[in-house]
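Observations on chain architecture
Spelled out from the first residue to the last, the chains are:
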Amino acid sequence: MKFYDSITGQPLFVAPRGRSIDDFVVESRNQGWLSFRHDEVVWSNVKILEDGEAVSVDGTHLGHDMPDKEGSRYIINIVSVAGTPNKVGIVKHTSIK
C-alpha cells in the first residue's frame, strides 16, 4: 500500500516492507495510529526533526518517531497520509521550507 501526503500528493510511506500485512495492521491497531518502520519510509519525501517529529519535506506534520525494541517506529496520523498521487507537473501548493 502506498500512502501519500494529504496536501502535496507526494508518496511518503509504502507498507508493508519486510513484514506481513497482518503484522502491519496489528501493530497499527495496537498503537491506535498507522505504524511504519524504517524500510517503509520514502526518505526522499520525509524527514525526522531533532525532537522526533516526522514531517514531509514540504512541511506537512505527519506524526512522531516512537522507537521500540525493534528500532524506529513512525506513528503517523492517517489524515496526514490520506492524499492521492500528485500528477507530474501539477503543483498543489507552495512548499514551506
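Numbering of residues begins from 1 in every chain and follows the order in which that chain's sequence is written. Local features are withheld for residues below a pLDDT of 70 in this predicted model, meaning they are given only at 70 or higher, and side-chain atom pairs are given and counted only at 80 or more; totals for whole chains, interfaces and linings count all residues. Hydrogens are left out, water is left out, and the side-chain values use all remaining heavy atoms of the structure.

1. Looking at the packing of aromatic side chains
- Here is the rule: rings of Phe, Tyr and Trp (six-membered ring for Trp) pair when centre to centre is within 6.5 Å. Planes less than 30 degrees apart are stacked, more than 60 are edge-to-face, and the remainder are tilted. Taken as a whole and judged by the stated rule, the model has five aromatic pairs.
- Consider the rings of F3 and F24, whose centres lie 6.2 Å apart with planes at 50 degrees: the pair is tilted. On the criterion of sequence distance, the pair formed by F3 in strand β1 (residues 2-4) and F24 in helix α1 (residues 21-31) is long-range, its members being 21 residues apart.
- For the pair F24 and F36, a centre-to-centre distance of 5.5 Å together with 45 degrees between the ring planes defines the contact as tilted. Residue F24 is found in helix α1, and its partner F36 is found in strand β3 (residues 34-37); the two are separated by twelve residues along the sequence.
- The rule is simple: take the accessible area with a 1.4 Å probe, protein chains only, and divide by the maximum for that residue type; under 20% is buried, over 50% is exposed, in between is partly exposed. Accessibility expressed as a relative area gives 0% for F36, which makes it buried.
- The structure contains a cluster of three or more aromatic residues connected by ring pairs, namely F3, F13, F24 and F36. Labels follow the DSSP assignment, with helices taken as runs of H or I lasting at least four residues and strands as runs of E lasting at least two, numbered in each case from the N terminus.

2. Details of the side chain of R19
- Relative to the elements of secondary structure, R19 occurs in the loop between β2 (11-14) and α1.
- Distance and chemistry together define a polar contact, namely a pair of N or O atoms within 3.5 Å, with one atom able to donate a hydrogen and the other to accept it when in protein, and with adjacent residues in sequence counting only for side-chain atoms on both sides. A polar contact of 3.1 Å, which involves the side chain of R19, links it to the side chain of E27.
- In this structure the side chain of R19 is engaged in a polar contact, spanning 2.7 Å, whose partner is the backbone oxygen of S35.
- A contact between two residues is defined here by any heavy atoms of the two lying within 4.5 Å. What R19 contacts, discounting residues up to four positions off in sequence, is F24, E27, S35, F36, R37 and E40.

3. Describing the nonpolar core
- With 14 residues, the main nonpolar core has F3, F13, L34, F36, L62, I76 and V81 as its most contacted residues.
- Broken down by secondary-structure element, the contributors of at least two residues to this core are β2, β3 and β7 (73-76).
- In this structure L62 touches L12, F13, V46, A54, V55, S56, I75, I76, N77, S80 and V81, once residues within four positions along its chain are discounted. By nonpolar core we mean a set of buried residues, namely Ala, Val, Leu, Ile, Met, Phe, Trp, Tyr and Cys, connected to one another through side-chain atoms within 4.5 Å.

4. Quick word on the side chain of T60
- Its location among the elements puts T60 in the loop between β5 (53-56) and β6 (61-65).
- Here T60 falls in the buried class, since its relative accessible area comes to 7%.
- In this structure the side chain of T60 is engaged in a polar contact, spanning 3.0 Å, whose partner is the side chain of D5.
- When near neighbours in sequence (up to four residues on either side) are disregarded, T60 contacts D5, I7, A54, V55 and S80.

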